Amino acid sequence: AGARPLEGRTAIVTSGPTHEPIDPVRYIANRSSGRQGHAIAAALARLGAKVTLVSGPVTIPDPSGMTTLHVETASEMLEAVTSQLPTDIAVMVAAVADWRVVTSADQKIKKQPGEAPAALQLTENPDILKTIGHHAQRPQLVVGFAAETQNVEAYGRAKLERKGADMIVANDVSPETGVMGGNRNRVKIISAQGIDEWPDLSKEEVAERLAALIASKLSG
Ligand code: C5P
């Protein structure tokens, strides 16, 4: 324990968005800078955990002191995550795109003058958190995120159940909060024990607190 309570533990963290190609020049994605996920990976590593960060396309640098696997799509992210099992801790922070185009085009789709725009046929992406939460090699502690613009608590609670997570970090990402792409975050920690509301903190502070909470859950 002491300053490195996660010494000897392994952790997988997902971060950033996924990009789902439409054609070679276009994609579908959720907004995500990767700042919160990368900060959590770094905080877990500082507490002694051996961390693998699985990152979608982001513009921030790889954190030091860990292995970073770079992926593009949700399917690649799922494969990278499962390749790292078994692990003690999984924190799924990535803003995974819910849908992908059934068959992405090999060539750039051209605008046809006078014709209706191309219709995209979408299919659902794998849910990485849900897969890990119900996996035969389920990590001891599974943490998910819930970015919502309304009913943050109710949706968070539902997600805890459905995804097989031990903890959901719920935040309100309405545009007026400035959370998306910003420096700060205001989260609620939802678990079977109830809801804990944290004050407005920097993303680094949220990461520090979450890593400490994870360490205390694993030791208690
Ligand atoms: O269902 P929703 O996307 O709101 O759930 C959010 C949580 O689930 C986040 O922890 C996110 O990383 C994870 N997730 C995932 N794979 C998906 C969708 C969400 O791991 N395809």
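Because the structure is predicted, anything quoted here is derived from the model rather than measured. (Residues numbered from 1 in each chain as written. Predicted model: local features only at pLDDT ≥ 70, side-chain atom pairs only at ≥ 80, totals over all residues.)

### Points about the pairing of strand β4 (residues 50-55)
- With respect to burial, β4 is a largely interior element, five of its six residues being buried.
- Bridge analysis of strand β1 (residues 10-15) against β4 gives six bridges, and the strand direction is parallel. Pairing of Thr14 across the sheet is with Val54, part of β4. (Buried ≥ 20, exposed ≤ 12 C-beta atoms within 10 Å, placed from the backbone. Helix = DSSP H or I, 4+ residues; strand = E, 2+ residues; numbered from the N terminus. Pairing = 2+ DSSP bridges.)

### Quick notes on the UniProt feature "binding site: CTP" (unreviewed entry) in the chain
- Within this numbering scheme, the UniProt entry marks Asp98, Lys108, Pro126, Asp127, Ile128, Leu129, Phe145, Lys159 and Lys163 as carrying the feature "binding site: CTP" (unreviewed entry). Judged by maximum C-alpha separation, these annotated positions cover 66 residues in sequence and are scattered in space, the widest gap reaching 37.3 Å.
- Structurally, the position occupied by Leu129 is in helix α3 (residues 128-133).
- Taking the number of C-beta atoms within 10 Å as the measure of exposure, Leu129 has 26 and is therefore buried.
- When sequence neighbours within four positions are dropped, the list of residues in contact with Leu129 reads Met92, Gly144, Lys163 and Ala165.
- Here Phe145 shows up in strand β9 (residues 141-148).
- The residues contacting Phe145, other than those within four sequence positions of it, are Met92, Val93 and Val169. (UniProt positions renumbered as here; feature names shortened; annotations may be inferred. Contact = placed C-beta atoms within 7 Å.)

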